[in-house]
Amino acid sequence: MNTLPFRPLRVLSWLMLMGAAPAAHALCVQGLCSCTVTTTSVLFANYNPLAYGNTDSTGTVTVKCGGVAGLLIPFTVAFNQGNGPSISARRLSFGANSLNYNLYIDNTYTTVWGDGTTGTMVGGGLLLDALGLSPGLVYTVYARIPGRQTTVPPGGPYTDSVSVTLTYQ
């Protein structure tokens, strides 16, 4: 009998987080202050659909505010669903193929990072930095691809783009 060596299927996947323009300016009078959001993308290791374990990775979201020193600016950071049908069912895609994953606000992978209507937004407050020397607030994005998605064909890269919205007042 002739047998072939077992080779697990591997899928390369990544997720790009894209910052969006600020949505509100109640406390921040235009010209006196502004806030920005920057991100680092999530890059997953090769995914083996036959493995029982999850594939985890992280990215970051950084919020900075500048303007008149001493003014505390409250804000929220929200994520949309990306290419998935909803925030609770995000998907990485490669052509017509998809791979389920999600983004979380905690390293226990229990609270989905969403837009406030589905999932939880992250919020905080920053004192304005007139000189632009503050590193801002950095939030870790925890990402997970569940194991045993055995119908996923090999290939790639499987990707998704999630919009990040910073709302501040």
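About the criteria used
- Residues numbered from 1 in each chain as written.
- Predicted model: local features only at pLDDT ≥ 70, side-chain atom pairs only at ≥ 80, totals over all residues.
- Heavy atoms only, no water.
- Phe/Tyr/Trp six-rings, centres within 6.5 Å; stacked < 30°, edge-to-face > 60°.
- Helix = DSSP H or I, 4+ residues; strand = E, 2+ residues; numbered from the N terminus.
- Buried < 20%, exposed > 50% of the residue type's maximum accessible area, 1.4 Å probe, protein only.
- Lys NZ or Arg CZ within 6 Å of the ring centre and 35° of its normal.
- Salt bridge = Lys/Arg side-chain N within 4 Å of Asp/Glu carboxyl O.
- Disulfide = S-S within 2.5 Å.
- Core = buried A, V, L, I, M, F, W, Y, C linked by side-chain atoms within 4.5 Å.
- Contact = heavy atoms within 4.5 Å.
- Lys, Arg positive; Asp, Glu negative; His and termini not counted.
- Polar contact = N/O pair within 3.5 Å; in protein donor to acceptor, adjacent residues only side chain to side chain.

Caption draft 1: Up close: the packing of aromatic side chains. Enumeration over the complete set of coordinates arrives at 6 aromatic pairs. With 6.3 Å between their ring centres and 70 degrees between their planes, Phe 75 and Tyr 139 make a pair best called edge-to-face. Placement of Phe 75 in strand 5 (residues 72-79) and of Tyr 139 in strand 9 (residues 137-145) is noted, with a sequence separation of 64 residues between them. Accessibility classification places Phe 75 together with Tyr 139 in one group, the buried group. Through a chain of ring-to-ring contacts, the aromatic side chains of Tyr 104, Tyr 109 and Tyr 142 assemble into a single cluster. The cationic tip of Arg 144 hangs over the ring face of Tyr 109; the distance from NZ or CZ to the ring centre is 3.8 Å. When the ring centre of Tyr 52 is taken as reference, the NZ or CZ atom of Arg 148 above it lies at 4.4 Å.

Caption draft 2: View of the environment of Leu 72. Its location among the elements puts Leu 72 in strand 5. A C-alpha to C-alpha distance of 5.4 Å links Leu 72 and Leu 126, two positions 54 residues apart in sequence.

Caption draft 3: Region of the structure containing the pattern of salt bridges. Taken as a whole and assessed by the stated rule, the structure comprises 1 salt bridge. Note that Asp 56 and Arg 144 form a salt bridge whose closest N and O atoms lie 2.7 Å from each other. Highlighted residues: Asp 56 in strand 4 (residues 55-67) and Arg 144 in strand 9, separated in sequence by 88 residues.

Caption draft 4: Structural context of the state of the cysteines. Going through the model one piece at a time under the given rule, you end up with 1 disulfide. At a sulfur-sulfur separation of 1.9 Å, the disulfide partner of Cys 35 is Cys 65. Residues Cys 35 and Cys 65 share a disulfide whose torsion about the S-S bond is about 105 degrees; that sign makes it right-handed. Of the two residues, Cys 35 is situated in strand 2 (residues 33-40) and Cys 65 in strand 4; the sequence distance between them amounts to 30 residues. By relative accessible area, which is 8% here, Cys 65 ends up buried.

Caption draft 5: Focus on the nonpolar core. Among the nonpolar cores identified, the biggest contains 31 residues, and Val 61, Phe 75, Val 77, Phe 79, Trp 113 and Leu 166 are the most heavily contacted of them. Of all the elements, strand 10 (residues 155-168) adds the most residues to this core, at 5 residues. If sequence neighbours within four positions are ignored, Val 77 has contacts with Val 61, Val 63, Trp 113, Gly 114, Met 121, Val 122, Val 164, Thr 165 and Leu 166.

Caption draft 6: Just unusual backbone geometry, in detail. Of note, the bond from Gly 156 into Pro 157 is cis; its omega dihedral lies within 30 degrees of zero at 15 degrees. Along the chain, Pro 157 turns up in strand 10. Despite not being glycine, Tyr 109 has its phi angle at roughly 55 degrees, a positive value. Note that Tyr 109 resides in the loop between strand 7 (97-104) and strand 8 (122-127).

Caption draft 7: Main features of the side chain of Asp 106. Secondary-structure assignment places Asp 106 in the loop between strand 7 and strand 8. Buried and unpaired, Asp 106 has no salt bridge, with Arg 144 as the nearest side chain of opposite charge at 8.8 Å. There is a polar contact of 3.3 Å between the side chain of Asp 106 and the backbone nitrogen of Thr 111. Leave out the neighbours within four places in its chain, and Asp 106 touches Thr 111 and Tyr 142.

Caption draft 8: Broad picture of the environment of Ser 98. For Ser 98, the position within the fold is in strand 7. The class for Ser 98 is partly exposed, based on a relative accessible area of 34%.

Caption draft 9: Highlighting the side chain of Asn 102. Relative to the assigned elements, Asn 102 resides in strand 7. For Asn 102, a relative accessible area of 4% puts it in the buried group. A polar contact of 3.5 Å, which involves the side chain of Asn 102, links it to the backbone oxygen of Ser 88. A distance of 2.6 Å separates polar atoms of two side chains, one belonging to Asn 102 and the other to Arg 90. With near-sequence residues (within four places) excluded, Asn 102 lies in contact with Ile 87, Ser 88, Ala 89, Arg 90, Val 112, Tyr 142, Ala 143 and Arg 144.

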